[in-house]
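Examination of the molecular architecture
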Amino acid sequence: MAPRQGPIIVLTISLAKPGKSEPELLDVSKRCVKTELRRQERRIGTLYSSASPQRPPAWLRFFDDTVAPERLALWNSSTSAALVVEVEQRLFVLTFGYGRFMLNQAAFETAFGLRVALNCIDETAVRSIDRKTFEGITTYIREQASKETSFNSFGLNVERDLLRAVVGTPNDTARFGNRLAGMDSLVAAARVDIDSLHLLLKRYLEKYEDEGFKSRFPWVDNITEVRDRAKLDVLNGALITQLRARDMSRKWLAVPDLMEWVDVGGFHYSEHAAGAPLPDIHFDTYFDFIRKPSEISVERLKRNRVFVYSAASEQTVQRWPVYKCIYAEVDMEDGTYLLNAGDWYCVDRDFVSRIDAEIGRIPQTALPLIPYRARENENQYNKRLARRLGSACLMDANNIHFGGGRSALEFCDVYTTGGVMIHVKQNRGSAVLSHLFAQATVSATAFLSDADFRDKLNTKLPRAFRLDNPRSRPESGQYEVALVIADAADGDLRLPFFSRVTLRSAQRHLELMGYRLTMTKAPVEP
């Protein structure tokens, strides 16, 4: 006799961590009903359910003076349920209604749904992806396709983006359901009933434990976000231990967002601090502020603030927790971890090695650069650099409008008669450096491919620097794109990891176009 086919139902499924017991999975502080589910002699699982008291909807207050709420007989009531099922000595929880709020999230596997979905979904039947991108400021993006398509149809940069969720159709709908959506939990639209549920969960467990997705999507584990609370506690503990010991290797403070640096008057760690603002933020000055670095804690780092003051108004224009301003790389036995803008990430060590090896090929410029002064802005440095080089002109903030006026672009900061396009930025975190690398790439692309851009550039260049024939495509090999990064730290130039990833992308684009790319540290003097 063929098995009875159940209806298509949408299930939200979470997988508990190994060793977790049923009482650890749910927050049952609110009153709920516990029901043992059985089919004859076979135990199915435990259902926890609750319902909130009926109450009138809040929007009814709008009609208070015109009609009595009781007359309308409109009531709201929310229901919550969570079904705990054991499969192969692992506990699953299926939530219904508002049941997700009953879960103790720390007790569940992260990326369970994503792994299952990647192992089950047909590579050409993807409908939506969620990604986190680290170019400039960190952004969360959801992309949806009007019809099923492949991963390649989405704007996913496999080196710079973190895949957080995927929705698509399984390659075997009879076994895995009509549609899957995977992140931490798995949302499955499947033809299933209470009798066939155990078999379906067993299939999902097998796909979670299957490493096959890594051969189809080898980039997925390049960067993974750490959301497990226990792991976060371990990483924060390691960070605090190293900070208390003044181990500052691969750790620094940097503003976490893009800013208008022309108007930055300085920084303080207290909103009403006396004395001149600091030109930048560093652990040394923060330790001086707290006076007892040996007592530093995660709670204090999150409680203390970095305040940004406007040069024009002398008022606070931005503030962040010090914790959010920390960049740190911490090596653990199971991998390399990064703290960036308040979030921890695990980065595959081979991926780190490949990135570092490739950008390690970038040479320094042969130009005689000058040191950066601690309290000068980039425009002041660029003016001094242009004068020092002699055969150079200042192009900083001299925007070129092209493409029918829809685009405005800065060609470079300083341009030499030898064809060197110099782009200057201070080493102030991933957002600033990613902007530098993007600006250099976009400018070099427009210079090579857009005759209208070159026409307008020629009108802004001094006569000795102009192109003989701006309508003719330049020979890119005759030009150098020089990245100059001002850094007060001793030793070699150190870049945040996500900036190194963005730099490698820019490096590939520029070298593919035939440019010579250089990157040089400009020391900062008091």
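A brief report on the enclosed structure follows.

**Some thoughts on the overall build of the chain**
For the chain, the count of helices and strands is 14 helices and 26 strands. In terms of principal-axis extent, the alpha carbons of the chain reach across some 90 × 65 × 55 Å. Within the span of the chain, comprising 526 residues, buried residues form 48% of the whole. Accessible surface, the chain: about 26,500 Å² in total, of which carbon and sulfur atoms supply 49%. Taking the 71 positively charged and 67 negatively charged side chains of the chain as two groups, their mean positions are separated by 2 Å.

**Re the packing of helix α10 (residues 349-359) against helix α14 (residues 497-513)**
Where α10 meets α14, the closest approach of the two axes is 10 Å, and the angle between their N-to-C directions is 50°. Compared by their axis directions, α10 and α14 come out oblique. Helix-helix and strand crossings are classified by hand; for α10 and α14 the assignment is left-handed. Only Phe497, Arg500, Val501, Leu503, Arg504, Gln507 and Arg508 of α14 make contact with α10, whose side of the interface consists of Phe351, Val352, Arg354, Ile355, Asp356, Glu358 and Ile359.

**Here we look at empty space enclosed by the protein**
Under the defined criterion, the tally for this structure stands at one cavity of 30 Å³ or more. By volume, the largest cavity amounts to about 40 Å³. Looking at the lining of the largest cavity element by element, the count peaks at three residues for strand β8 (residues 161-170).

**What to know about the nonpolar core**
Of all hydrophobic cores here, the largest spans 36 residues; its most connected members are Leu253, Tyr286, Leu301, Ile326 and Trp344. Counting only elements with at least two residues in this core, the list comes to α7 (229-244), β13 (264-268), α8 (283-290), α9 (298-303), β14 (305-310), β16 (326-332), β17 (335-340) and β18 (343-347). Looking at this core, the element that brings in the most residues is α7, giving five residues. One finds Leu409, Ala440, Leu461 and Leu503 within the second-largest nonpolar core, a separate group that totals 35 residues.

**Notes on unusual backbone geometry**
Notably, Gln40 is not glycine yet its phi reads approximately 60°, a positive angle. Looking at where Gln40 falls in the secondary structure, it is placed in the loop between β2 (33-39) and β3 (42-51). With a relative accessible area of 75%, Gln40 lands in the exposed category. For Arg246, which is not glycine, the phi dihedral falls at a positive 60°. Tracing the chain through its elements places Arg246 in the loop between α7 and β12 (251-253).

**Focus on the layout of surface pockets**
Counted as a void, the largest pocket has a volume near 870 Å³. Met259, Glu260, Trp261, Val262 and Glu378 are the residues nearest the centre of the largest pocket, which is lined by 32 residues in total. Looking at side-chain class alone, the lining of the largest pocket contains 14 nonpolar, nine polar and nine charged residues.

**So, the side chain of Ser476**
When you line up the elements, Ser476 lands in the loop between α13 (451-460) and β25 (480-487). Judged by its relative accessible area of 11%, Ser476 falls in the buried class. Filtering out sequence-adjacent residues up to four positions away, Ser476 remains in contact with Leu448, Met513, Gly514 and Tyr515.

**Points about the packing of aromatic side chains**
Taken as a whole and judged by the stated rule, the model has 23 aromatic pairs. Geometrically, the ring pair formed by Phe217 and Trp219 is edge-to-face, given 6.0 Å between the ring centres and 75° between the ring planes. For the pair Phe411 and Phe447, a centre-to-centre distance of 5.4 Å together with 45° between the ring planes defines the contact as tilted. Taken together, the residues span a long stretch of sequence, with Phe411 in the loop between β22 (407-410) and β23 (414-416) and Phe447 in helix α12 (residues 430-449) at a distance of 36 residues. Note on accessibility: Phe411 and Phe447 belong to one class, buried. By the ring-pair criterion, three or more aromatic residues cluster together here, those being Phe411, Tyr415, Phe447, Phe453, Phe465 and Tyr479. Sitting over the ring of Tyr323, Lys302 keeps its end group 5.0 Å from the ring centre.

**With respect to the sheet that holds strand β24 (residues 420-426)**
Two pairing modes exist for strands in a sheet, parallel and antiparallel, and in both the strands are linked by backbone hydrogen bonds. If you walk across this open sheet you meet the six strands as β19-β26-β25-β24-β23-β20, and the pairing is mixed. Edge strands, defined here as strands with exactly one partner in the open sheet, are β19 (372-373) and β20 (392-394). As judged from the two bridges shared by β23 and β24, these two strands associate in the antiparallel manner. The residue bridging Tyr415 from the neighbouring strand is Met421, located in β24.

**Focus on the sheet that holds β14**
Taken together, three strands build an open sheet; the order of strands is β13-β14-β15 and the sheet is antiparallel. Of all strands in the sheet, those with a lone pairing partner are β13 and β15 (316-321), marking the two edges. On average, each strand axis in the sheet is inclined to that of its neighbour by 20°, with strand direction left out of account. Pairing of β13 with β14 involves four bridges; the strand directions are antiparallel. Each bridged residue has a counterpart across the sheet, and for Val264 the counterpart in β14 is Ser310.

Procedures and definitions
Residues numbered from 1 in each chain as written. Predicted model: local features only at pLDDT ≥ 70, side-chain atom pairs only at ≥ 80, totals over all residues. Heavy atoms only, no water. Helix = DSSP H or I, 4+ residues; strand = E, 2+ residues; numbered from the N terminus. Buried < 20%, exposed > 50% of the residue type's maximum accessible area, 1.4 Å probe, protein only. Areas by Shrake-Rupley, 256 points an atom, 1.4 Å probe, with all protein chains shown as cover. Lys, Arg positive; Asp, Glu negative; His and termini not counted. Charge placed at Lys NZ, Arg CZ, Asp CG, Glu CD. Axes fitted to C-alpha atoms, helices over the stretch in contact; angles between N-to-C directions. Parallel < 35°, antiparallel > 145°, perpendicular 65-115°, else oblique. Left-handed = near helix turned anticlockwise from the far one by under 90°. Contact = heavy atoms within 4.5 Å. 1 Å grid on protein atoms, 1.4 Å probe; cavity = no way out; pocket = protein on both sides within 12 Å on 5 of 7 lines; lining within 4 Å. Points joined across faces, edges and corners; volume = space filled by probe spheres on them. Core = buried A, V, L, I, M, F, W, Y, C linked by side-chain atoms within 4.5 Å. Nonpolar A, V, L, I, M, F, W, Y, C, P; charged D, E, K, R; others polar. Phe/Tyr/Trp six-rings, centres within 6.5 Å; stacked < 30°, edge-to-face > 60°. Lys NZ or Arg CZ within 6 Å of the ring centre and 35° of its normal. Pairing = 2+ DSSP bridges.

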